[in-house]
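Here is what each chain is made of, one letter per residue.
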Protein chains: 2
Amino acid sequence: MQRNGTRIGAVMDEVRARIASRSYGPGTRLPSVRAQAQAMRFSVSTVLEAYERLAAEGVVTSRRGAGFYVAGPAAPLALAQIGPQLDRQVDPLWVSRQSLETDGSVLKPGCGWLPAQWLYEAGIRRALRTLARGDALELAEYATPLGHPALRRLLALRMRANGMAADPEQLMLTESGTQAVDLVCRFLLEPGDTVLVDDPCYFNFHALLKAHRVRVVGVPYTPSGPDVELFRAALQQHSPRVYITNSGIHNPTGAVLSATTAHRLLKLAEGSGLVIVEDDIFADFEHSPAPRLAALDGLSRVIHVGSFSKTVSASLRCGYIAARADWIESLVDLKIATAFGGGRLAAEMARMVLTESGYRKHMETVRLRLADAMAATVARLEAMGIQPWIVPQAGMFLWCRLPQGMKAEAVAQLCLKDGVVLAPGNVFSQSQSAGDFLRFNVAQCADGRVFDALARALAALAAGRSG
Amino acid sequence: MQRNGTRIGAVMDEVRARIASRSYGPGTRLPSVRAQAQAMRFSVSTVLEAYERLAAEGVVTSRRGAGFYVAGPAAPLALAQIGPQLDRQVDPLWVSRQSLETDGSVLKPGCGWLPAQWLYEAGIRRALRTLARGDALELAEYATPLGHPALRRLLALRMRANGMAADPEQLMLTESGTQAVDLVCRFLLEPGDTVLVDDPCYFNFHALLKAHRVRVVGVPYTPSGPDVELFRAALQQHSPRVYITNSGIHNPTGAVLSATTAHRLLKLAEGSGLVIVEDDIFADFEHSPAPRLAALDGLSRVIHVGSFSKTVSASLRCGYIAARADWIESLVDLKIATAFGGGRLAAEMARMVLTESGYRKHMETVRLRLADAMAATVARLEAMGIQPWIVPQAGMFLWCRLPQGMKAEAVAQLCLKDGVVLAPGNVFSQSQSAGDFLRFNVAQCADGRVFDALARALAALAAGRSG
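A brief look at the structure comes next. Please read all numbers here as calculations on a predicted model, not as lab measurements. (Residues numbered from 1 in each chain as written. Chains lettered and ligands numbered in written order. Predicted model: local features only at pLDDT ≥ 70, side-chain atom pairs only at ≥ 80, totals over all residues. Heavy atoms only, no water.)

Across its full length, chain A carries 18 helices and 14 strands. The C-alpha atoms of chain A give 25 Å as radius of gyration, which agrees with the globular expectation for 467 residues (23 Å, within 12%). Buried positions account for 62% of the 467 residues belonging to chain A. The positive charge centre, built from 50 side chains, and the negative charge centre, built from 43, are 5 Å apart in chain A. (Helix = DSSP H or I, 4+ residues; strand = E, 2+ residues; numbered from the N terminus. Rg over C-alpha atoms; globule rule 2.2 N^0.38 Å. Buried < 20%, exposed > 50% of the residue type's maximum accessible area, 1.4 Å probe, protein only. Lys, Arg positive; Asp, Glu negative; His and termini not counted. Charge placed at Lys NZ, Arg CZ, Asp CG, Glu CD.)

With that out of the way, let us pick up the nonpolar core. Leu151, Ile321 and Phe440 of chain A together with Leu151, Ile321 and Phe440 of chain B are the most contacted members of the largest nonpolar core, which totals 289 residues. With sequence-adjacent residues up to four places away left out, Phe440 of chain B is seen in contact with Pro109, Leu381, Ile386, Met396, Phe397, Leu398, Cys400, Leu422, Cys445 and Leu454 of chain B. (Core = buried A, V, L, I, M, F, W, Y, C linked by side-chain atoms within 4.5 Å. Contact = heavy atoms within 4.5 Å.)

Residues and elements named next belong to chain B. Every buried residue of helix H11 (residues 228–238) is accounted for by Val228, Phe231, Ala234 and Leu235. Projected down its long axis, H11 shows its buried positions confined to an angular sector of 115°, all on one face. Exposed and oriented more than 90 degrees from the buried face of H11 are Gln236 and Gln237. Among the structural elements, strand E4 (194–199), strand E5 (215–222), strand E6 (225–226), strand E7 (242–246) and helix H12 (259–272) are those in contact with the buried residues of H11. (Arc of directions from axis to C-beta.)

It is worth spelling out the relation of the copies chain B and chain A at this point. Mapping chain B onto chain A calls for a screw motion: a turn of 180° about the axis and a shift of 0.1 Å along it, with 0.3 Å RMSD after fitting. Both copies are brought into coincidence by an operation consistent with a two-fold rotation axis. Comparing interface residues between copies, 100% of those in chain B also lie at the interface in chain A; the contact surface is shared. (Least-squares fit on C-alpha atoms with pLDDT ≥ 70 in both.)

Side chains three or four residues apart in an α-helix point the same way, a direct result of the helix having 3.6 residues per turn. All names here are of chain B. Taking 1.5 Å of rise per residue, the 14 residues of H12 would be expected to cover 20 Å, and the 20 Å separating its terminal C-alpha atoms lies within 8% of that figure. Here H12 has its buried residues at Thr261, Ala262, Leu265, Leu266, Leu268 and Ala269. The buried residues of H12 occupy an angular sector of 160° when projected down its axis, which confines them to one face. Away from its buried face by more than 90 degrees, H12 exposes Thr260, Lys267 and Gly271. The inward-facing, buried residues of H12 abut E6, H11, E7, strand E8 (275–279), helix H13 (293–297) and strand E9 (302–307). Remark: Gly273 follows H12 within two positions and exhibits a positive phi of approximately 75°. (Expected span 1.5 Å × (residues − 1).)

Here we come to the packing of aromatic side chains. This model, assessed by the stated rule, comprises 30 aromatic pairs over all chains. Relative to Trp327 of chain B, the ring of Phe187 of chain B has its centre 6.0 Å away and its plane inclined at 65°; by these criteria the two rings are edge-to-face. Taken together, the residues Phe187 of chain B in helix H9 (residues 177–188) and Trp327 of chain B in helix H14 (residues 325–339) connect sequence positions 140 residues apart. Considered together, Phe187 of chain B and Trp327 of chain B belong to a single accessibility category, that of buried residues. Every member of this aromatic cluster is reached through a ring pair, and the members are Tyr202, Phe203, Phe205, Trp399, Phe428 and Phe437 of chain A. The ring of Trp118 of chain B has Arg369 of chain B sitting right over it, with the charged end atom 4.0 Å from the ring centre. (Phe/Tyr/Trp six-rings, centres within 6.5 Å; stacked < 30°, edge-to-face > 60°. Lys NZ or Arg CZ within 6 Å of the ring centre and 35° of its normal.)

Moving on: empty space enclosed by the protein. Taken as a whole, this structure holds seven cavities of 30 Å³ or more when the rule is applied. Each pocket or cavity is described by its volume, and for the largest cavity that value is around 450 Å³. Lining the largest cavity we find 40 residues, and of these Glu175, Arg317 and Ala346 of chain A together with Glu175 and Arg317 of chain B sit closest to its centre. Of all elements in the fold, only strand E3 (171–174), helix H14 (325–339) and helix H15 (345–355) of chain A together with strand E3 (171–174), H14 and helix H15 (345–355) of chain B reach the threshold of two or more residues within the lining of the largest cavity. When grouped by side-chain class, the residues that make up the lining of the largest cavity number 20 nonpolar, 14 polar and six charged. (1 Å grid on protein atoms, 1.4 Å probe; cavity = no way out; pocket = protein on both sides within 12 Å on 5 of 7 lines; lining within 4 Å. Points joined across faces, edges and corners; volume = space filled by probe spheres on them. Nonpolar A, V, L, I, M, F, W, Y, C, P; charged D, E, K, R; others polar.)

Right, let's talk about the pattern of salt bridges for a bit. Close approach of charged atoms allows side chains of opposite charge to pair. Residue and element names in this part refer to chain B. Per the stated rule, a full pass over the model turns up 46 salt bridges over all chains. Between Asp436 and Arg401 there is a salt bridge, with the nearest N and O atoms lying 3.0 Å from each other. Of this pair, Asp436 sits in the loop between strand E13 (423–424) and strand E14 (437–441) while Arg401 is found in strand E12 (residues 397–401), placing the two residues 35 residues apart along the sequence. The salt bridge partner of Arg449 is Asp447, with a shortest N-O separation of 2.7 Å. Classification of Arg449 by relative accessible area gives partly exposed; the value is 47%. (Salt bridge = Lys/Arg side-chain N within 4 Å of Asp/Glu carboxyl O.)

So, in structure tokens, the structure goes:
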């Protein structure tokens, strides 16, 4: 940390970067101290000190009289190397890391979750108190391989209520919705396979798919779902194995899949052997349920994924996968191999909270608050010339176009300096065609400083352009 | 489920197996109903019914007049296909699944954890009550990318007490020790790389490494650690990228790495660019700490992993990775991409429990109970002619050889019918050379029915041999 900004640090970073990018492999001789000093316009002693610090760290080894060499191991596969190398300032992990990193003083209109005060704190406290008096097994034992039976039965009932016929044995609990999607990808994909995503889509799908070393093809998203003709063309051209999407409320646009589009997508999938992964984490925000691909399909080629992080608590890690029974059987093996047994505590807390009548009332309140926040945010943004792509029926997301010529990344970087984390459009876009979009989370826009920072950023950029 | 054991089910299973093994790819025409009926010696109507049920499930499609074809998608990559296909009865997931699946009536001397009543129930209850009154952020928010700062500070102190100098910034929390090892593998390994393990080693390392599609080479384990000469030979012959082992108390043998072996291993690793992953989940069972590779190495090429599942609670999911700061940086990206943010609840509970003086007293009691259980189990097994390989200084594991000519898998299968889950030796052995070994968990051997079932199984097998 303390070497940031120093010349020695700059030399060390340069060497590290070349090792990370594998341009210096294990055993590679570093440029001589003198050559490096000339190239970087630093003193010889600066470079020597940097090399020796790297040697002390084991990154390079010094051979007496023969210079410095890159030590094994070969540079570990950093995530950034797997896919196209984007500038870290705007890569798909930028928003996650900025949003998760921040302390309470930072405003996060770009994050994908509700403020802690909007979550179901009272229910969580009640569940903790009940657990403290509860069964010792819940407190101390691993869960069964599929996960907490009572929670799976409850989830199966909730799915049936939305037209999805799933047995509890077709449900496997996971530690999170993201882990659920990751396990499904491990199960279905091999490196080099092609995956379809919406363009734009949830940015962490990009990060996750990079980790799986697959090719990603984006299909433009319309206000009623993916563009069906372009979807058909992508199937023909790329023979993808999987399509990953949100059901219910689309992230980042807040749009909803129409029944017609759902039916047409599913027919296309059936004709081409495509598996669809439907991430349903926003279900409880809907005023009335949109069509689910898993309902039309009967969990034959659709895998349905969800969690409680967005509505109950992000601190309580619990997600689930609903799929064909034989796929679930293989997914259990993969879960045990890569995460061993699940716990019982989080699942039992989720079950307690979801069966409380208080939770339903809580979610009614949240939906009304979101509707108010949506209207207020739309009005404030429009007044600044920031235009919603659509005004969503439900949920927290508002996908907006900046005024002509404004770059979302530049706005986000300026706002970050003001303590406001935004979500610039291209982190959601495989084609990088959303450079003038931002995703707003209306639940995180109550503080006027969000709009003050935005206004300052827009003004600064406008002045820069005219200047 | 209901078709198990039927002829229709047998035909369906046959087709599924061929799809799973990819011998029938998507679009492959199934054998004609008549040919299949002849091949399997079933009636035509049986096969037709089976094909039609498969069609109803979407596994195959029927083309009028042209027969049945395998539907897309191509068979998902089941874990079992990735590595050598072992009989499910004895594969590395067998023990996990049998142990996790069972209800309270089944005895589990083969499992790798303490009975729930041995864990720190009182401390967990106290932590739950305190949390119920605690900060709303702990209850509802995601953790920061590295995870709960106070728990990381505490873990860094605990590591320093064992000679491992780690900053809190070199620690990343995970959902479990297994997820920690999995993330490290994702970071360091590419499909086709070679990994060294101990032979025998923790069986789930085999399952995990299969999921990573790497080549696994076993190095025979001695009572003082891996055989150093064979380790050196394996490095030269296979150029492995990673060596994964247990520190402290070795699973399954209960042996302990000697300081001499640790030093020699590390020198070999330094000379060959090997990264060592040291899984330290049994640390709190030690009476006096064994050498840690991470302490000798200073977290340069050793990655240290741990969790609280074995001592605090298996239900509370929380593990950690300690490694070089630049590696931790990349591991954070991978964690967010594949599991998103962690929770705060489990980490805060772990922190509360670990800082209680009650926890230290609890672990003292557990260590004494384990020593008693170890002595008692050794005596009962020796009386049956089952011989410990060594009598471990600490921990729950006892690695034992069966009487001459007895096969552990056969014993395990007979005992399972008696409601006793054993851990047969070959699930731990890459070379499959531990067919006459069993791993016992002495904490799970208090019930005399364990030894009754063992005695019956041994007698039945002896009778079968002489008959």
